[in-house]
Amino acid sequence: SLPICMTADSNLSSNSPIDSFSNCHDGIISHLNRFGEITSLVKAATSARKIAEDTVAFFRVAVFDHHSEEERDLFPAVLANAEPGEEQSIARTLVDGLTAEHREIESQWVRLEPKLVKLAKGHIVEIDEAAVQKLVDQYTAHARLEEREFLPLAEKILGRRDPKMAALGLALHTRHAFRAARRGLRGS
């Protein structure tokens with residue numbers, strides 16, 4: 001590579017020594033200006049590493065456990081107590097759809113996780129922006145569907161047997177998911 005004070009189009013016979021020094025300063029200043037960006041880039045890289053670390057812990061501690069609890073405890077209880085006919089059909093459709101969404105979300109995560117683990121360890125990796133956004137969008141839609149349709153139905157179905165137990169069960173379910181999410185976000 002050429003010294004910083006010489007460029008590929010430099011012609012020493014046409015440049016005065018003063019012009020050469022001026023060109024040299026331009027090159028130095030250009031490089032120093034780029035160097036001046038380093039602190040913000042380091043902050044961004046540090047933030048990205050921390051977000052990756054927190055998200056890896058969050059998915060394993062909060063999201064997978066939350067899905068497992070819903071499928072093991074809440075979904076079967078709702079299906080077992082739904083009235084035969086339309087209510088049972090609606091509950092079954094919701095449970096099947098939510099369970100399928102759990103598998104899709106988990107599958108997307110498994111594809112993203114290896115690079116996020118590397119990023120969390122400080123390695124420079126390329127993260128698929130579209131895949132990240134797809135996961136964020138899909139989980140947001142999934143959570144909204146649960147909140148808007150499934151959880152009110154679950155409360156209605158479970159509440160017929162014992163209104164206090166339905167409210168308590170849903171509150172415990174939500175509280176546990178919230179605590180697990182907070183633990184995951186702290187990385188512990």
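Structural notes, computed from the coordinates.

Thresholds applied
- Numbering of residues starts from 1 in every chain and runs along the sequence as written.
- Reporting in this predicted model follows two pLDDT cut-offs: at least 70 for local features of residues, and 80 or more for side-chain atom pairs to be given and counted; totals over whole chains, interfaces and linings ignore these cut-offs and use all residues.
- Excluding hydrogens and water, the side-chain values take into account all heavy atoms of the structure.
- Strands here are runs of E lasting at least two residues and helices are runs of H or I lasting at least four, both read from the DSSP assignment and numbered beginning at the N terminus.
- Each residue's exposure class comes from its accessible area (1.4 Å probe, protein chains only) as a fraction of the maximum for that residue type: buried when under 20%, exposed when over 50%, partly exposed otherwise.
- Contact criterion: two residues are considered in contact whenever any of their non-hydrogen atoms come within 4.5 Å of each other.
- Only the protein chains shown count as covering a residue, and every accessible area follows the Shrake-Rupley method with a 1.4 Å probe.
- By definition here, a salt bridge exists when the distance from a side-chain nitrogen of Lys or Arg to a carboxyl oxygen of Asp or Glu is within 4 Å.
- The patches reported here contain residues having more than 30% relative accessible area and no salt bridge. Joining distances are 9 Å for like charges and 5 Å for nonpolar side chains (Val, Leu, Ile, Met, Phe, Trp, Tyr).
- To pair, rings of Phe, Tyr and Trp, with the six-membered ring standing in for Trp, must have centres within 6.5 Å; the planes then decide the type, stacked if under 30 degrees apart, edge-to-face if over 60, and tilted in the middle.
- For this analysis, a polar contact is any N or O atom pair within 3.5 Å, provided that within protein one partner can donate a hydrogen and the other can accept it, and provided that sequence-adjacent residues contribute only side-chain to side-chain pairs.
- Only the stretch in contact is used when fitting a helix axis, every axis being a line fitted to C-alpha atoms; angles between N-to-C directions are given from 0 to 180 degrees.
- To sort the angles, those under 35 degrees are grouped as roughly parallel, those over 145 as roughly antiparallel, those from 65 to 115 as roughly perpendicular, and the leftovers as oblique.
- The crossing is said to be left-handed when, going from far helix to near helix, the turn is anticlockwise and less than a right angle, and right-handed when the turn is clockwise.
- Side-chain classes follow a simple rule in which Ala, Val, Leu, Ile, Met, Phe, Trp, Tyr, Cys and Pro form the nonpolar group, Asp, Glu, Lys and Arg form the charged group, and the remainder, Gly included, forms the polar group.
- Residue types Ala, Val, Leu, Ile, Met, Phe, Trp, Tyr and Cys, when buried and joined through side-chain atoms within 4.5 Å, form a set referred to as a nonpolar core.

### Considering the overall build of the protein chain
Step number 1: Across its full length, the protein chain carries five helices and zero strands.
Step number 2: Along the protein chain, helices and strands appear, N-terminal first, in the series α-α-α-α-α.
Step number 3: Of all 188 residues assigned to the protein chain, the portion counted as buried reaches 28%.
Step number 4: If you take every contact in the protein chain between residues at least 6 apart in sequence, the share linking residues at least 24 apart comes to 73%.
Step number 5: Accessible surface for the protein chain amounts to roughly 12300 Å². Of this, 60% is attributable to carbon and sulfur atoms.

### So, the pattern of salt bridges
Step number 1: Taken as a whole and assessed by the stated rule, the structure comprises 13 salt bridges.
Step number 2: The salt bridge involving Glu71 is made with Arg103; its shortest N-O contact spans 3.0 Å. Of this pair, Glu71 sits in helix H2 (residues 38-81) while Arg103 sits in helix H3 (residues 86-120); the two residues are 32 residues apart in sequence, bridging distant segments of the chain.
Step number 3: Judged by relative accessible area, which is 24%, Glu71 ranks as partly exposed.
Step number 4: Owing to a relative accessible area of 37%, Arg103 belongs among the partly exposed residues under this scheme.
Step number 5: Across the pair Lys134 and Glu104 runs a salt bridge whose closest N-O atoms are separated by 4.0 Å.

### Let's talk about a nonpolar patch on the surface
Step number 1: Taken together, the side chains of Ile28, Leu32, Phe35, Ile38 and Val42 make up a nonpolar region of the molecular surface, amounting to roughly 460 Å² of accessible area.
Step number 2: When contributions to the nonpolar patch are tallied by element, the ones reaching two or more residues are helix H1 (17-35) and H2.
Step number 3: Residue contributions to the nonpolar patch peak at three residues, all from H1.
Step number 4: Turning to its location among the elements, Ile28 is positioned in helix H1.
Step number 5: A relative accessible area of 33% means that Ile28 is categorised as partly exposed.

### Observations concerning the packing of aromatic side chains
Step number 1: Applying the stated rule across the entire model yields four aromatic pairs.
Step number 2: Each ring, one from Phe58 and one from Phe59, has its centre 6.1 Å from the other, and the planes form 80 degrees; the classification is edge-to-face.
Step number 3: For Phe58, a relative accessible area of 21% corresponds to the partly exposed category.
Step number 4: Residues Phe75 and Phe150 carry aromatic rings whose centres are separated by 5.1 Å and whose planes lie at 80 degrees to one another, so their mutual orientation is edge-to-face. Here Phe75 is found in helix H2, whereas its partner Phe150 is found in helix H4 (residues 129-159), with 75 residues between them in sequence. The residues Phe75 and Phe150 share a single accessibility class, namely buried.
Step number 5: Here the aromatic residues Phe58, Phe59, Phe64 and Trp109 are joined through ring pairs into a cluster of three or more.

### A look at the side chain of His102
Step number 1: With respect to the helices, strands and loops of the structure, His102 is situated in helix H3.
Step number 2: The exposure class of His102 is buried, given its relative accessible area of 0%.
Step number 3: For His102, the side chain forms a polar contact with the side chain of Glu70, separated by 2.9 Å.
Step number 4: Aside from chain neighbours lying at most four places away, what touches His102 is His67, Glu70, Glu71, Phe75, His142 and Glu146.

### Considering the packing of H2 against H3
Step number 1: Interaxial distance between H2 and H3 falls to 10 Å at its minimum, and their mutual angle equals 160 degrees. In terms of axis orientation, H2 runs roughly antiparallel to H3. Considering only the axes of H2 and H3, their crossing is left-handed.
Step number 2: Split by residue class, the contact of H2 with H3 holds 17 nonpolar, six polar and 10 charged.

### Brief notes about the nonpolar core
Step number 1: Ranked by size, the top nonpolar core spans 16 residues in total, and within it Leu74, Val78, Ala91, Phe150 and Ile157 carry the most contacts.
Step number 2: Elements that contribute at least two residues to this core include exactly H2, H3 and H4.
Step number 3: Take this core: its biggest share by element is seven residues, from H4.
Step number 4: Residues within four places of Val78 in sequence aside, it is in contact with Ala91, Phe150, Ala154, Ile157 and Leu158.

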